[in-house]
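Given next are the chains, with one letter for each unit.
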Amino acid sequence: MRQPTSQFFASLLLAAFAQSASAQENRAVQAQANAAPSVSAHLSTDGRLADILNTPAFAGFAERILPWHGRLYDPAMRLEQIGALFPYHTALDVKNMVSALNHMIDAANAGQTIFYEIYTEAEIRADPAKAAAGIFVFRSRPDAPFSVIAAGGAFSHVASLHEGFPYAQTIRDMGFNAFVVTYRTGQGGRVATEDMARAIEWIFENAADLEVSTEGYSVWGSSAGARMAAYIGSHGPAAFGAADLPEPAAVIMAYTSHSDVATREPPTFVVAGENDRIAPPANMERRIALLRRLGTPVEYHLIADVGHGFGAGIGTNAEGWIAQAVRFWEAAREGR
């Protein structure tokens, strides 16, 4: 039987009203979600890559936690297999990585911002590759000095999970603020160092809001990242496009073959593996000799039975070197 015209239009009105009410309800739910961000659960060592990529605390920058910018990752990869993403590294400790990530999750759950862009939208539009850059923050006591950490990866990827976040967690636990820079890859050391210099400049510009002291900061790096830190120490951030800022109080370098030396160098801490075949210690020792001839304070640790890319060195003879480096930085700050 054909429905009367009046009933037909009435049913249309009812359907439209129901659809409108549903849309309003959906908007209200979304507004509530925006007003009360999701609380992220802790990661576990037996989890998968998808747990990192889909954690609400990392929304908008989860890919920059992982080493290869722009890569399509297998979300089903188990975290215990994550070493496959780090071709130049040894002594990878998933438990240590997850602990550092869980620290970031706790900070985000407490309402803290844990990641900052260092380039403006206009700068990224002009150079889309700059979208890869940014800084992660591990906050300690207010107005404490800060460190900036650059992980390695042969300028092809950024191994912050292994050589950035675990360092930052230790530095933070020792009472200092720590920033881990992620940077553009595939364009060599100059461009990567420009991102580190920009990160330092950004921290200086926002120091009051970040509640960090700009007095006596330090720069840290491992492998390719150590080259970046050394360039900043030798030539200053201004040489890489940043403002004319003070030089760092200390440079912390791990396992690299960097050879550049300026006429004046900040105190330098060096750690290397005796069995390193990628960056043989002899290369670093030649630079150390030049630094000492300049009168630069140097502390050098050659670690037995470890190779290249040992990170925090958990479970190896290198374990504990980060705390030693922090104490060196403290002494360098006091001696300024």
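Residues numbered from 1 in each chain as written. Predicted model: local features only at pLDDT ≥ 70, side-chain atom pairs only at ≥ 80, totals over all residues. Heavy atoms only, no water.

Description of the environment of Gly216
Then step 1. Structurally, Gly216 is set in strand β5 (residues 212-222).
Then step 2. Residues Gly216 and Trp329, 113 residues apart in the sequence, show an inter-C-alpha distance of 8.6 Å.
Then step 3. Setting aside residues no more than four positions away along its own chain, Gly216 makes contact with Pro145, Ala249, Trp329, Arg333 and Arg336. (Helix = DSSP H or I, 4+ residues; strand = E, 2+ residues; numbered from the N terminus. Contact = heavy atoms within 4.5 Å.)

Some remarks on the nonpolar core
Then step 1. Of all hydrophobic cores here, the largest spans 103 residues; its most connected members are Phe58, Phe165, Trp220 and Trp321.
Then step 2. If sequence neighbours within four positions are ignored, Phe165 has contacts with Ile65, Ala100, Leu101, Met104, Phe136, Phe138, Ser160 and Val180. (Core = buried A, V, L, I, M, F, W, Y, C linked by side-chain atoms within 4.5 Å. Buried < 20%, exposed > 50% of the residue type's maximum accessible area, 1.4 Å probe, protein only.)

A closer look at the pattern of salt bridges
Then step 1. Applying the stated rule across the entire model yields 10 salt bridges.
Then step 2. A salt bridge links Arg64 to Glu117, with the nearest nitrogen and oxygen atoms 2.7 Å apart. Here Glu117 lies in the loop between β1 (115-116) and α4 (121-126) and Arg64 lies in the loop between α2 (49-53) and α3 (94-109), a separation of 53 residues in the sequence.
Then step 3. Residue classification places Glu117 among the partly exposed residues on the basis of a relative accessible area of 35%.
Then step 4. Across the salt bridge formed by Arg190 and Glu194, the nearest N and O atoms sit 3.1 Å from each other. Of this pair, Arg190 and Glu194 are both found in helix α7 (residues 188-205), four residues apart, which corresponds to roughly one turn of the helix.
Then step 5. Take Glu194: its relative accessible area is 23%, and that puts it in the partly exposed class. (Salt bridge = Lys/Arg side-chain N within 4 Å of Asp/Glu carboxyl O.)

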